[in-house]
Amino acid sequence: MEASNVKFYNKDGVSMDCFALMKSLGMNTIRLRAWVNPVNQWSSTADVIAKAKRAKALDMRLLIDLHYSDSWADPGKQNKPVLWASANFSQLNDSVSVYTTRLMNELKGNGIIPDWVQVGNETDNGLLWPDAKASTNMVNYAAIIKTGCIAVKSVFPDTKTMVHVSNGYNNDLFKWNIGGLIKNGAVFDMIGMSLYPSPTDWTTKNDQILYNMNNMVELYGKEIMVVEVGMPWDSPNECKLFLTDLIAKVK
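Colleague: How would you sum up the pairing of strand S4 (residues 61–66)? Please name residues and give values.
Modeller: Within S4, 5 of the 6 residues are buried, which leaves the element mostly enclosed by the surrounding structure. Summarising the sheet, strand S3 (residues 29–34) and S4 pair through 6 bridges and their orientation is parallel. In the sheet register, Ile30 faces S4, and the bridge partner there is Leu62. Regarding the hand of the β-α-β motif, the stretch spanning S3, helix H2 (residues 45–57) and S4 is right-handed. As defined by bridge partners, S4 adjoins strand S5 (residues 116–119) across 4 bridges and the pair is classed as parallel. Of the residues in S5, the one forming a bridge with Leu63 is Trp116. Read as a crossover between parallel neighbours, the route from S4 over helix H3 (residues 89–109) to S5 is right-handed.

Colleague: Please provide a residue-by-residue account of the nonpolar core, values included.
Modeller: Counting residues in hydrophobic clusters, the biggest one holds 62 residues, and the most contacted among them are Ile64, Tyr68, Met104, Ile145, Ile178, Leu181 and Phe188. Looking at which element gives the most residues to this core, the answer is helix H4 (residues 138–155), with 8 residues. Setting aside residues up to four positions removed in sequence, Met104 forms contacts with Ile64, Val117, Val152, Val155 and Phe156. By size, the runner-up hydrophobic cluster in this structure holds 6 residues, among which are Leu63, Trp116, Met225 and Val227.

Colleague: So, the sheet that holds strand S8 (residues 160–165): which residues are in play, and what are the values?
Modeller: Sheet architecture is open: 6 strands sit in the order S3-S4-S5-S8-S9-S10, paired in parallel fashion. Looking at strand neighbours, the two that pair on one side only are S3 and strand S10 (223–229), the edges of this open sheet. Within the sheet, the average angular offset between the axes of one strand and its neighbour, ignoring direction, is 30 degrees. Bridge analysis of S5 against S8 gives 3 bridges, and the strand direction is parallel. Within S8, the position partnered with Val117 by the bridge is Thr161. Helix H6 (residues 202–220) rests against strand S9 (190–195) and S10 of the sheet, and its axis sits at about 170 degrees to S9.

About the cut-offs
- Residues numbered from 1 in each chain as written.
- Predicted model: local features only at pLDDT ≥ 70, side-chain atom pairs only at ≥ 80, totals over all residues.
- Heavy atoms only, no water.
- Buried < 20%, exposed > 50% of the residue type's maximum accessible area, 1.4 Å probe, protein only.
- Helix = DSSP H or I, 4+ residues; strand = E, 2+ residues; numbered from the N terminus.
- Pairing = 2+ DSSP bridges.
- Right-handed = clockwise from strand over helix to strand, strands pointing away.
- Core = buried A, V, L, I, M, F, W, Y, C linked by side-chain atoms within 4.5 Å.
- Contact = heavy atoms within 4.5 Å.
- Axes fitted to C-alpha atoms, helices over the stretch in contact; angles between N-to-C directions.

Structure (C-alpha coordinates):
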(Lines give C-alpha, C1' and ligand atoms only; values in the text may rest on other atoms or scores of the structure.)
Protein backbone atom coordinates (compact mmCIF):
# COMPACT_ATOMS: atom_id res chain seq x y z
CA MET A 1 0.00 0.00 0.00
CA GLU A 2 2.81 2.38 0.89
CA ALA A 3 4.53 1.59 -2.42
CA SER A 4 1.29 2.66 -4.14
CA ASN A 5 1.39 5.97 -2.22
CA VAL A 6 -1.48 5.08 0.08
CA LYS A 7 -1.44 7.32 3.18
CA PHE A 8 -2.52 6.52 6.72
CA TYR A 9 -4.24 9.07 8.96
CA ASN A 10 -5.08 9.37 12.64
CA LYS A 11 -8.48 10.45 13.94
CA ASP A 12 -7.47 14.10 13.61
CA GLY A 13 -6.72 13.65 9.91
CA VAL A 14 -2.96 13.87 10.36
CA SER A 15 -0.91 11.62 8.07
CA MET A 16 1.24 9.12 10.00
CA ASP A 17 3.57 6.21 9.39
CA CYS A 18 1.44 3.04 9.45
CA PHE A 19 3.41 1.36 12.25
CA ALA A 20 3.42 4.54 14.35
CA LEU A 21 -0.33 4.89 13.84
CA MET A 22 -0.91 1.33 15.06
CA LYS A 23 1.24 1.99 18.13
CA SER A 24 -0.67 5.21 18.87
CA LEU A 25 -3.88 3.14 18.87
CA GLY A 26 -2.51 0.81 21.55
CA MET A 27 -0.99 -2.01 19.48
CA ASN A 28 2.28 -3.27 20.94
CA THR A 29 3.16 -6.15 18.60
CA ILE A 30 3.72 -6.63 14.87
CA ARG A 31 3.23 -10.01 13.12
CA LEU A 32 5.16 -10.42 9.87
CA ARG A 33 4.63 -13.27 7.41
CA ALA A 34 7.72 -14.68 5.73
CA TRP A 35 7.68 -16.29 2.28
CA VAL A 36 10.68 -18.15 0.85
CA ASN A 37 10.98 -16.64 -2.65
CA PRO A 38 7.81 -14.68 -3.53
CA VAL A 39 7.38 -13.51 -7.11
CA ASN A 40 7.03 -9.80 -6.30
CA GLN A 41 9.33 -9.98 -3.22
CA TRP A 42 6.71 -8.78 -0.73
CA SER A 43 7.21 -10.87 2.45
CA SER A 44 10.62 -11.97 1.20
CA THR A 45 13.48 -12.10 3.70
CA ALA A 46 14.57 -8.57 2.74
CA ASP A 47 11.03 -7.25 3.13
CA VAL A 48 10.62 -8.98 6.51
CA ILE A 49 13.88 -7.44 7.73
CA ALA A 50 12.85 -3.96 6.55
CA LYS A 51 9.52 -4.14 8.39
CA ALA A 52 11.09 -5.74 11.48
CA LYS A 53 13.50 -2.79 11.70
CA ARG A 54 10.52 -0.41 11.71
CA ALA A 55 8.85 -2.38 14.49
CA LYS A 56 12.06 -2.44 16.53
CA ALA A 57 12.53 1.32 16.11
CA LEU A 58 9.11 1.80 17.74
CA ASP A 59 9.95 -0.68 20.52
CA MET A 60 7.18 -3.04 19.38
CA ARG A 61 7.28 -6.78 19.98
CA LEU A 62 7.64 -9.09 17.00
CA LEU A 63 6.06 -12.34 15.83
CA ILE A 64 7.59 -13.90 12.71
CA ASP A 65 5.19 -16.14 10.77
CA LEU A 66 7.04 -18.69 8.61
CA HIS A 67 4.76 -19.98 5.82
CA TYR A 68 7.40 -22.23 4.18
CA SER A 69 5.87 -21.30 0.84
CA ASP A 70 6.26 -18.62 -1.84
CA SER A 71 2.75 -17.33 -1.19
CA TRP A 72 -0.14 -17.80 1.23
CA ALA A 73 -0.17 -21.06 3.19
CA ASP A 74 -3.45 -21.92 4.90
CA PRO A 75 -5.71 -24.95 5.57
CA GLY A 76 -6.62 -25.20 1.87
CA LYS A 77 -3.11 -24.93 0.44
CA GLN A 78 0.35 -25.69 1.74
CA ASN A 79 2.40 -25.41 -1.45
CA LYS A 80 6.13 -26.00 -1.40
CA PRO A 81 8.39 -23.14 -2.47
CA VAL A 82 9.36 -23.48 -6.14
CA LEU A 83 13.00 -23.92 -5.16
CA TRP A 84 12.07 -26.98 -3.05
CA ALA A 85 9.52 -28.48 -5.44
CA SER A 86 11.55 -31.50 -6.56
CA ALA A 87 13.16 -32.21 -3.19
CA ASN A 88 12.66 -35.52 -1.40
CA PHE A 89 11.64 -35.44 2.25
CA SER A 90 15.18 -35.50 3.62
CA GLN A 91 16.12 -32.57 1.37
CA LEU A 92 12.93 -30.72 2.36
CA ASN A 93 13.79 -31.14 6.01
CA ASP A 94 17.30 -29.81 5.37
CA SER A 95 15.90 -26.87 3.40
CA VAL A 96 13.60 -25.94 6.30
CA SER A 97 16.58 -25.96 8.64
CA VAL A 98 18.84 -23.91 6.35
CA TYR A 99 16.15 -21.34 5.44
CA THR A 100 14.94 -20.87 9.02
CA THR A 101 18.46 -20.52 10.40
CA ARG A 102 19.39 -18.04 7.67
CA LEU A 103 16.34 -15.85 8.31
CA MET A 104 16.94 -15.90 12.07
CA ASN A 105 20.58 -14.93 11.53
CA GLU A 106 19.51 -12.07 9.24
CA LEU A 107 17.28 -10.77 12.04
CA LYS A 108 20.05 -11.19 14.60
CA GLY A 109 22.54 -9.41 12.35
CA ASN A 110 20.20 -6.43 12.30
CA GLY A 111 19.88 -6.37 16.08
CA ILE A 112 16.36 -7.82 16.04
CA ILE A 113 15.22 -10.52 18.46
CA PRO A 114 11.73 -11.87 17.72
CA ASP A 115 9.59 -12.65 20.75
CA TRP A 116 7.82 -15.49 18.92
CA VAL A 117 8.26 -17.48 15.71
CA GLN A 118 5.49 -19.49 14.08
CA VAL A 119 6.79 -22.63 12.41
CA GLY A 120 4.14 -22.93 9.70
CA ASN A 121 0.90 -21.03 9.10
CA GLU A 122 -2.50 -22.63 9.79
CA THR A 123 -1.06 -26.12 9.51
CA ASP A 124 -4.41 -27.83 10.17
CA ASN A 125 -3.36 -30.67 7.87
CA GLY A 126 0.39 -30.23 8.01
CA LEU A 127 2.55 -28.34 5.53
CA LEU A 128 4.82 -28.77 2.48
CA TRP A 129 2.23 -31.00 0.83
CA PRO A 130 2.20 -33.84 0.07
CA ASP A 131 5.34 -34.84 1.97
CA ALA A 132 4.33 -33.51 5.39
CA LYS A 133 0.55 -33.66 5.06
CA ALA A 134 -0.65 -34.56 8.55
CA SER A 135 -3.59 -36.75 7.51
CA THR A 136 -1.31 -39.01 5.50
CA ASN A 137 2.01 -38.61 7.31
CA MET A 138 1.85 -37.21 10.84
CA VAL A 139 5.44 -38.41 11.41
CA ASN A 140 6.78 -36.18 8.62
CA TYR A 141 4.66 -33.24 9.80
CA ALA A 142 6.08 -33.58 13.30
CA ALA A 143 9.61 -33.89 11.91
CA ILE A 144 9.34 -30.63 9.94
CA ILE A 145 7.92 -28.77 12.96
CA LYS A 146 10.72 -30.13 15.14
CA THR A 147 13.36 -29.10 12.58
CA GLY A 148 11.98 -25.59 12.24
CA CYS A 149 11.80 -25.09 16.00
CA ILE A 150 15.34 -26.37 16.52
CA ALA A 151 16.58 -23.93 13.86
CA VAL A 152 14.86 -20.99 15.59
CA LYS A 153 16.29 -21.96 18.98
CA SER A 154 19.79 -22.41 17.54
CA VAL A 155 19.89 -18.65 16.93
CA PHE A 156 17.43 -17.37 19.55
CA PRO A 157 17.28 -19.78 22.53
CA ASP A 158 14.78 -17.57 24.40
CA THR A 159 12.40 -16.94 21.49
CA LYS A 160 9.17 -18.91 21.84
CA THR A 161 8.24 -21.25 18.99
CA MET A 162 4.64 -21.73 17.98
CA VAL A 163 2.43 -24.14 16.02
CA HIS A 164 -0.52 -22.32 14.41
CA VAL A 165 -3.83 -24.06 13.65
CA SER A 166 -6.99 -22.35 12.38
CA ASN A 167 -10.59 -22.61 13.64
CA GLY A 168 -9.73 -22.12 17.29
CA TYR A 169 -13.25 -23.19 18.22
CA ASN A 170 -12.64 -26.76 16.95
CA ASN A 171 -11.36 -28.75 19.92
CA ASP A 172 -11.29 -32.05 18.02
CA LEU A 173 -9.00 -30.57 15.35
CA PHE A 174 -6.56 -29.30 17.96
CA LYS A 175 -6.46 -32.55 19.93
CA TRP A 176 -5.74 -34.46 16.71
CA ASN A 177 -3.16 -31.98 15.40
CA ILE A 178 -1.32 -30.84 18.53
CA GLY A 179 -1.67 -34.25 20.16
CA GLY A 180 -0.32 -35.92 17.02
CA LEU A 181 2.69 -33.60 16.93
CA ILE A 182 3.59 -34.22 20.55
CA LYS A 183 3.08 -37.97 20.25
CA ASN A 184 5.52 -37.96 17.31
CA GLY A 185 8.26 -36.01 19.03
CA ALA A 186 7.73 -32.41 17.96
CA VAL A 187 8.94 -29.90 20.55
CA PHE A 188 7.50 -26.37 20.58
CA ASP A 189 6.51 -23.75 23.13
CA MET A 190 3.12 -22.34 22.18
CA ILE A 191 -0.13 -22.96 20.32
CA GLY A 192 -1.44 -20.27 17.96
CA MET A 193 -5.09 -20.08 16.93
CA SER A 194 -7.19 -18.29 14.30
CA LEU A 195 -10.83 -17.28 14.76
CA TYR A 196 -13.08 -15.89 12.02
CA PRO A 197 -16.68 -15.95 13.28
CA SER A 198 -19.69 -14.33 11.66
CA PRO A 199 -21.64 -11.40 13.14
CA THR A 200 -24.31 -13.88 14.25
CA ASP A 201 -22.27 -16.75 15.75
CA TRP A 202 -19.36 -14.97 17.46
CA THR A 203 -20.68 -15.49 20.98
CA THR A 204 -20.82 -19.25 20.44
CA LYS A 205 -17.39 -19.33 18.78
CA ASN A 206 -15.88 -17.29 21.62
CA ASP A 207 -17.27 -19.71 24.19
CA GLN A 208 -15.87 -22.60 22.16
CA ILE A 209 -12.39 -21.08 21.79
CA LEU A 210 -12.27 -20.36 25.52
CA TYR A 211 -13.00 -24.03 26.20
CA ASN A 212 -10.39 -25.07 23.64
CA MET A 213 -7.71 -22.75 25.03
CA ASN A 214 -8.20 -24.07 28.55
CA ASN A 215 -8.28 -27.65 27.30
CA MET A 216 -4.98 -27.21 25.42
CA VAL A 217 -3.36 -25.81 28.57
CA GLU A 218 -4.77 -28.69 30.60
CA LEU A 219 -3.71 -31.39 28.12
CA TYR A 220 -0.35 -30.06 26.94
CA GLY A 221 0.71 -27.29 29.34
CA LYS A 222 1.32 -24.81 26.51
CA GLU A 223 0.75 -21.08 26.33
CA ILE A 224 -1.88 -19.90 23.86
CA MET A 225 -1.95 -16.92 21.49
CA VAL A 226 -4.85 -16.00 19.21
CA VAL A 227 -2.79 -14.79 16.26
CA GLU A 228 -5.55 -14.10 13.71
CA VAL A 229 -9.09 -12.80 13.98
CA GLY A 230 -11.51 -11.36 11.50
CA MET A 231 -15.13 -10.43 10.86
CA PRO A 232 -16.85 -8.58 7.99
CA TRP A 233 -15.84 -4.91 7.87
CA ASP A 234 -19.46 -3.78 7.56
CA SER A 235 -20.42 -5.16 11.00
CA PRO A 236 -18.43 -2.72 13.17
CA ASN A 237 -20.59 -3.00 16.28
CA GLU A 238 -20.45 -6.79 16.32
CA CYS A 239 -16.70 -6.62 15.58
CA LYS A 240 -16.07 -4.48 18.64
CA LEU A 241 -18.19 -6.70 20.90
CA PHE A 242 -16.46 -9.81 19.51
CA LEU A 243 -12.94 -8.46 20.00
CA THR A 244 -13.62 -7.03 23.46
CA ASP A 245 -15.07 -10.34 24.64
CA LEU A 246 -12.31 -12.40 23.00
CA ILE A 247 -9.52 -10.31 24.56
CA ALA A 248 -11.11 -10.82 27.98
CA LYS A 249 -11.37 -14.58 27.40
CA VAL A 250 -7.74 -14.84 26.22
CA LYS A 251 -6.59 -13.02 29.35
